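Listed below, chain by chain, are the residues.
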Amino acid sequence: MRTFFIFLFFFLTLPILAQVDTLDTVTDSIIANEPQEENLNEFMGEPVEEVDSVAIGIQAEELADSIISLPDYEPWEIASIQGKLKMEGLPLSPSLKIFMQRDSIINISAHAPFVGEVLRIEIDSDSICCINKMKKTFFKEGYKEGLNGVGYGNLGIPEIQDLLLARFFLPGIDIYETELDNVIDIYEEDNQLNVIPKGEALLPDVTYGFVVDGFFNPLMIILLPSSRPDIELDITYTYKLQGYDIDFSYTAGQRNINMALQLNEPKWSGNQPKGIDLRKYRQQTLSEFLRSF
């Protein structure tokens, strides 16, 4: 179970992991000096000149001009998602309940069979709080302090929410109100579109890019640290009739961790879970909290 929690923390507490000495391998993946677009070259094809509009799903001339047929996403204020986590080495598959309030709150609850809720992660614009209900311990860090501590640009709650909802995003940019040809380049390869940010969409620490289908639904997100070419995080989407899977693959040198979230279709309503009274819990540093598992 400890590997699951560490991986889940890596994804959800990205802005604060850089402060933990015992997680140097993870933190190297988000600490860098400058964006390096060339890091993605091996993944991307040639700039789009002509595309099979039947295979790709949008007109080639529109694509070449970066006139994108963006998905008509469901407007929302509240989202609730249920699902399961699959990970090699876990004897059981914890169930997940995700509650989100747009741009402000992410609440993830992990439940183990025959045990009940074992882990709660609460994220808002002020803080990130991780609670181990079995050991009655918790870790809490200011969100802004953690984000600024690693210079992680504009990657924040809205982007994490879009990632969990399987939506295309550019950190800090309204994709419907922006001339996209100023902030992305598009490449075509193997009947898929590779999207690389540029200009205002770049992050100072991490080079990132999307693989999307012809309707701009994400198929893969690639995150490459500027300072460590041996580290890579790939996030892959598989769409099903009643939901979608999000597969995470984290590679650091010879080490590889894989995890899959099997999520149902979001419901655009729900109630925020009842808060946990932390007066009965013991606060720990992040490294202490992880070791408690």
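Residues numbered from 1 in each chain as written. Predicted model: local features only at pLDDT ≥ 70, side-chain atom pairs only at ≥ 80, totals over all residues. Heavy atoms only, no water.

Enquirer: With reference to specific residues and values, describe the overall build of the chain.
Expert: The number of helices and strands found in the chain is seven helices and 15 strands. Residues classed as buried in the chain amount to 52% of the 293 residues present. For the chain, contacts bridging at least 24 residues in sequence account for 54% of all contacts bridging at least 6. Summed over its atoms, the accessible surface of the chain is roughly 14300 Å², and 45% of this surface lies on carbon and sulfur atoms. (Helix = DSSP H or I, 4+ residues; strand = E, 2+ residues; numbered from the N terminus. Buried < 20%, exposed > 50% of the residue type's maximum accessible area, 1.4 Å probe, protein only. Contact = heavy atoms within 4.5 Å. Areas by Shrake-Rupley, 256 points an atom, 1.4 Å probe, with all protein chains shown as cover.)

Enquirer: Just give me the short version of the state of the cysteines, but keep the residues and values in it.
Expert: On inspection of all chains with the given rule, the structure shows zero disulfides. Not engaged in a disulfide, the cysteine cysteine 129 finds its nearest cysteine sulfur in cysteine 130; these two sulfurs lie 6.7 Å apart. In this structure cysteine 129 comes out as buried when scored by relative accessible area, which is 4%. On the accessibility criterion, cysteine 130 (0% relative accessible area) is buried. (Disulfide = S-S within 2.5 Å.)

Enquirer: Describe the pattern of salt bridges, with residues and values.
Expert: Here the structure, examined in full by the defined rule, presents six salt bridges. When the shortest N-O distance is used, the salt bridge between arginine 279 and aspartate 277 registers 2.9 Å. Among the residues examined, arginine 279 registers a relative accessible area of 75% and is labelled exposed. (Salt bridge = Lys/Arg side-chain N within 4 Å of Asp/Glu carboxyl O.)

Enquirer: Which residues make up the nonpolar core, and what values go with them?
Expert: Counting residues in hydrophobic clusters, the biggest one holds 65 residues, and the most contacted among them are Met100, Phe168, Leu170, Ile235 and Leu261. Looking at which element gives the most residues to this core, the answer is strand β13 (residues 243-252), with five residues. Aside from chain neighbours lying at most four places away, what touches methionine 100 is Trp76, Glu77, Ile78, Ala79, Ile81, Ile105, Ile106, Gln161, Leu164 and Leu165. By size, the runner-up hydrophobic cluster in this structure holds five residues, among which are Cys129, Phe138, Ile276 and Tyr281. (Core = buried A, V, L, I, M, F, W, Y, C linked by side-chain atoms within 4.5 Å.)

Enquirer: Outline the environment of glutamate 88, listing residues and values.
Expert: When you line up the elements, glutamate 88 lands in the loop between β2 (78-86) and β3 (95-101). In this structure the C-alpha to C-alpha distance between glutamate 88 and asparagine 258, which are 170 residues apart in sequence, comes to 7.4 Å.

Enquirer: Just give me the short version of the side chain of aspartate 162, but keep the residues and values in it.
Expert: By the secondary structure assignment, aspartate 162 is in helix α6 (residues 157-164). In this structure, aspartate 162 is in contact with Arg167 and Phe169, ignoring residues within four places of it in sequence.

Enquirer: So what's going on with the pairing of strand β7 (residues 137-142)? Which residues, and what values?
Expert: Burial of β7 is extensive: five of the six residues sit out of reach of the surface. Inspection of the sheet shows strand β6 (residues 127-132) paired to β7 by six bridges, in the antiparallel sense. Counted as the bridge partner of cysteine 129 is lysine 140 from β7. Counting the residues in the hairpin turn of β6 and β7 gives four residues, including lysine 136, whose phi is positive at 55°. Relative to strand β15 (residues 282-283), β7 runs parallel, the two sharing two bridges. In the strand pairing of β15, phenylalanine 138 is matched with glutamine 283. (Pairing = 2+ DSSP bridges.)

Enquirer: Can you explain the packing of aromatic side chains? Please cite residues and give values.
Expert: Taken as a whole, this structure holds six aromatic pairs when the rule is applied. An angle of 85° between the planes, with centres 5.3 Å apart, marks the rings of phenylalanine 169 and phenylalanine 210 as edge-to-face. Residue phenylalanine 169 is located in the loop between α6 and β8 (184-189), and its partner phenylalanine 210 is located in strand β10 (residues 206-212); the two are separated by 41 residues in the primary sequence. Like phenylalanine 169, the residue phenylalanine 210 is buried in the burial classification. Ring centres of tyrosine 208 and phenylalanine 210 lie 6.4 Å apart, and the angle between their planes is 80°; on these two criteria the pair is classed as edge-to-face. Of the residues examined, tyrosine 208 reaches a relative accessible area of 4% and is grouped as buried. (Phe/Tyr/Trp six-rings, centres within 6.5 Å; stacked < 30°, edge-to-face > 60°.)

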